[in-house]
Amino acid sequence: MVLLALAGGAAAWKTPKDTALYAREGFVVVALAWVLVSVFGALPFVFSGDIPRFVDAFFETVSGFTTTGATILAAVEPLHRGALLWRSFTHWVGGMGVLVFVMAVLPMTDGHGMHLMRAEVPGPSVGKLVSRMGDSAKILYGIYAALTLIELIILLLGGMPLFDAAVHAFGTAGTGGFSCRNLSVGAYENPFFDWVIGIFMLLFSINFNLYYFLLMRRFREVAQSGTLWAFLAIVGCSVGLIAADILPLYHSLGTSVRHAFFQVGSIISTSGFSTVDFNTWPPFSQAILTALMFIGACAGSTGGGMKVDRVVILVKTSIRDMKKMLHPNAVASVRFEGKPLPERHIQGVHTYIAVYLLLFVGSLLFLAREQFDLVTTFTALAACVNNIGPGLGMVGPMGNFARFSDASKVLLSFNMLAGRLEIFPMLLLLAPSLWRRHRVRRVR
């Protein structure tokens, strides 16, 4: 706290003449803020000795704030309770967004806030719930805190200790997945906890705007949300297919459905909690979970991945383009959430996916230098860039990322930040043109 006070005081000592924030400044502020928050957030682990190496502590903290849940720890139960609580609380702060929280508690003009929110809130687009951006941030955090408190109370009523309930509520709300038990949620033999945490993981994966519509009794808009129904359809189909596939392992339909529901909810929400080691599941089930890693949650939620919204837009755009091949002169628009989607939004989705694939391939080639098996390397990268947490193989739900080199941990940390911030803020931070001072030539 002393170091942060000194750093903050030094940074605030001199106020720049021009304090206006535009898109360029918004990207820089968001990217730098997340990097610096992760650097300072790693210090408690280093000072306490729980994670003495800074690179490991930085990786763990980035994983926490980005709600990834990947860890370098082989066992978490030996950690001090303060470290465990801080580790999970990073999920809660990072879930809705560090700077969205700042906008909720500090006064800020709407023009400034919009550029920050666009750079930080996950999804193809972002808008205001009400006229003032600061009020929108307060509403979002109010809904977020209320859902967290409800889950905490239900877990307590089910018999979970207060400390454990708080840790898992923070991890569920942020869709992060850090637990205070080595076996994650699987350490509790009460199936009640599986269902409660599983349901809340899905609730936090839904666009928070829909909860606001429910509060305003705008039920028709919620019922007509195509993204919501697509998300629920993906979850339902995945649970059914996996439950049928793993039935021979558990010899009980109820147990198979429960484990399938929890793991599907954990992966598509990008939480990363586990009740079983799905490394032992059949390849078909593992393939479904791997696909869900890339799809992710809904835009405007605390989840990661490419987002269901982008998948829906991509499918509809592909269908439209194939129809235009048959009927070149036909005029067809892509409708999303009941409205025609502007071409610039469609172009934005295509650009995002293209850059996403380039980043993924480049990072995969770098990680392949570690000489681990392809399943471990591929799913480790997928788990980090999509903010999932566990992968398969060496980085499965009972494994960790400790064996990766320091260089690979730094790269994976970058990928976690890029995935959480929708890639562009982190990549633009590396662009030399962004740091050049633009001089305005005076005309006499």
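Residues numbered from 1 in each chain as written. Predicted model: local features only at pLDDT ≥ 70, side-chain atom pairs only at ≥ 80, totals over all residues. Heavy atoms only, no water.

**Some points on the overall build of the protein**
Along the backbone of the protein there are 19 helices and two strands. Counting the 444 residues in the protein, one finds 52% classified as buried. Counted over contacts in the protein with a minimum sequence separation of 6, partners at least 24 positions apart contribute 68%. When the accessible area of the protein is evaluated, it comes to approximately 20,700 Å², of which 67% is carbon and sulfur surface. (Helix = DSSP H or I, 4+ residues; strand = E, 2+ residues; numbered from the N terminus. Buried < 20%, exposed > 50% of the residue type's maximum accessible area, 1.4 Å probe, protein only. Contact = heavy atoms within 4.5 Å. Areas by Shrake-Rupley, 256 points an atom, 1.4 Å probe, with all protein chains shown as cover.)

**Considering the packing of aromatic side chains**
Following the criterion strictly, the structure yields 27 aromatic pairs and no others. Taken together, a centroid distance of 5.6 Å and an interplanar angle of 40 degrees make the contact between Phe59 and Phe401 tilted. Taken together, the residues span a long stretch of sequence, with Phe59 in helix H3 (residues 54-65) and Phe401 in the loop between helix H17 (374-385) and helix H18 (406-420) at a distance of 342 residues. The exposure classification of Phe59 matches that of Phe401, with both residues buried. Through pairs of rings, three or more aromatic residues link up here, namely Phe89, Trp92, Tyr141, Tyr144, Phe170, Phe200, Phe204, Phe208 and Tyr211. A cation over an aromatic ring shows up here: Arg310 above the ring of Tyr352, its NZ or CZ 3.7 Å from the ring centre. Positioned above the aromatic ring of Phe366, the side-chain terminus of Arg369 is 4.8 Å from the ring centre. (Phe/Tyr/Trp six-rings, centres within 6.5 Å; stacked < 30°, edge-to-face > 60°. Lys NZ or Arg CZ within 6 Å of the ring centre and 35° of its normal.)

**Concerning a nonpolar patch on the surface**
Together, Val2, Leu3, Leu6 and Phe47 line one region of the surface with nonpolar side chains, adding up to about 460 Å² of accessible area. Top element by residues in the nonpolar patch is helix H1 (residues 2-11). It accounts for three residues. Val2 gets classed as exposed once you look at its relative accessible area, which sits at 61%. (Patch = residues over 30% accessible without salt bridge, like charges linked within 9 Å, V, L, I, M, F, W, Y side chains within 5 Å. Salt bridge = Lys/Arg side-chain N within 4 Å of Asp/Glu carboxyl O.)

**A word on the nonpolar core**
Core analysis: the largest hydrophobic core is formed by 120 residues, its most contacted members being Phe208, Phe401 and Phe404. Ranked by residue count, the leading element in this core is helix H16 (residues 343-367), at ten residues. Filtering out sequence-adjacent residues up to four positions away, Phe404 remains in contact with Leu367, Glu370, Phe372, Ala380, Met394, Val395, Lys409 and Leu412. (Core = buried A, V, L, I, M, F, W, Y, C linked by side-chain atoms within 4.5 Å.)

**Considering the side chain of Ser205**
Within the secondary structure, Ser205 sits in the loop between helix H9 (191-203) and helix H10 (208-215). Contact partners of Ser205, with chain neighbours within four places excluded, come to Thr175, Phe231, Ser269, Ala297, Cys298 and Ser301.

**Re the pattern of salt bridges**
Going through the model one piece at a time under the given rule, you end up with eleven salt bridges. Ionic pairing is found between Glu422 and Lys307, a salt bridge with its closest N-O pair at 3.3 Å. Of the two residues, Glu422 sits in the loop between H18 and helix H19 (424-429) while Lys307 sits in the loop between helix H14 (283-295) and helix H15 (308-326), which places them 115 residues apart along the sequence. Across the pair, Lys307 and Glu422 agree in class, each one buried. Close ionic contact of Arg320 with Glu343 constitutes a salt bridge, the shortest N to O distance being 2.8 Å. Taken as a pair, Arg320 in helix H15 and Glu343 in helix H16 lie far apart in primary sequence, 23 residues in all. We classify Arg320 as buried; its relative accessible area is 11%. Residue class for Glu343 comes out partly exposed when judged on its relative accessible area of 48%. Connected through salt bridges with shared partners, the residues Arg53, Asp56, Asp406 and Lys409 form a single ionic network.

**Remarks on the packing of H1 against helix H2 (residues 23-48)**
Where H1 meets H2, the axes come as close as 10 Å, and the angle between the chain directions of the two elements is 155 degrees. It follows that H1 is roughly antiparallel to H2 by the angle criterion. Of the two possible hands of crossing, H1 and H2 adopt the one that is right-handed. Two secondary-structure elements touch here, H1 through Leu3, Leu4 and Ala7 and H2 through Phe40, Leu43 and Phe47. Looking at the contact of H1 with H2 residue by residue, the classes come out as six nonpolar, no polar and no charged. (Axes fitted to C-alpha atoms, helices over the stretch in contact; angles between N-to-C directions. Parallel < 35°, antiparallel > 145°, perpendicular 65-115°, else oblique. Left-handed = near helix turned anticlockwise from the far one by under 90°. Nonpolar A, V, L, I, M, F, W, Y, C, P; charged D, E, K, R; others polar.)

**Examining the environment of Phe89**
Considering the arrangement of structural elements, one finds Phe89 in helix H4 (residues 81-96). Owing to a relative accessible area of 31%, Phe89 belongs among the partly exposed residues under this scheme. The spacing of Phe89 and Ala169 is 80 residues in sequence and 9.5 Å in space, taken between C-alpha atoms.

**Side note on H15**
Here H15 is 19 residues long and its end C-alpha atoms lie 28 Å apart, about the 27 Å a rise of 1.5 Å per residue gives. Along H15, the residues classified as buried are Val308, Asp309, Arg310, Val312, Ile313, Thr317 and Arg320. Where the residues of H15 are buried, they touch helix H12 (226-250), H14, strand E1 (335-336) and H16. (Expected span 1.5 Å × (residues − 1).)

**Considerations on the packing of helix H13 (residues 253-268) against H14**
Relative orientation of the contacting elements H13 and H14 amounts to 30 degrees, with a least axis distance of 8 Å. By the criterion of interaxial angle, the relationship of H13 to H14 is roughly parallel. Counted together, Gln263, Val264, Ile267 and Ile268 of H13 and Leu289, Leu292 and Met293 of H14 form the full contact between these two elements. Residue composition of the contact of H13 with H14, by class: six nonpolar, one polar and no charged.

**What to know about unusual backbone geometry**
The backbone phi angle of Arg217 is positive, close to 60 degrees, even though this residue is not glycine. Mapped onto the elements of the fold, Arg217 is located in the loop between H10 and helix H11 (219-223). For Arg217, a relative accessible area of 69% puts it in the exposed group. Positive phi outside glycine occurs at Glu422, with the angle close to 65 degrees.

**Remarks on H18**
Between the first and last C-alpha of H18 there are 21 Å, a value that for 15 residues agrees with the 21 Å anticipated at 1.5 Å per step. With twelve of 15 residues buried, H18 lies mostly within the body of the structure. Where H18 ends, the next residue or the one after it, Glu422, has phi of about 65 degrees, a positive value.

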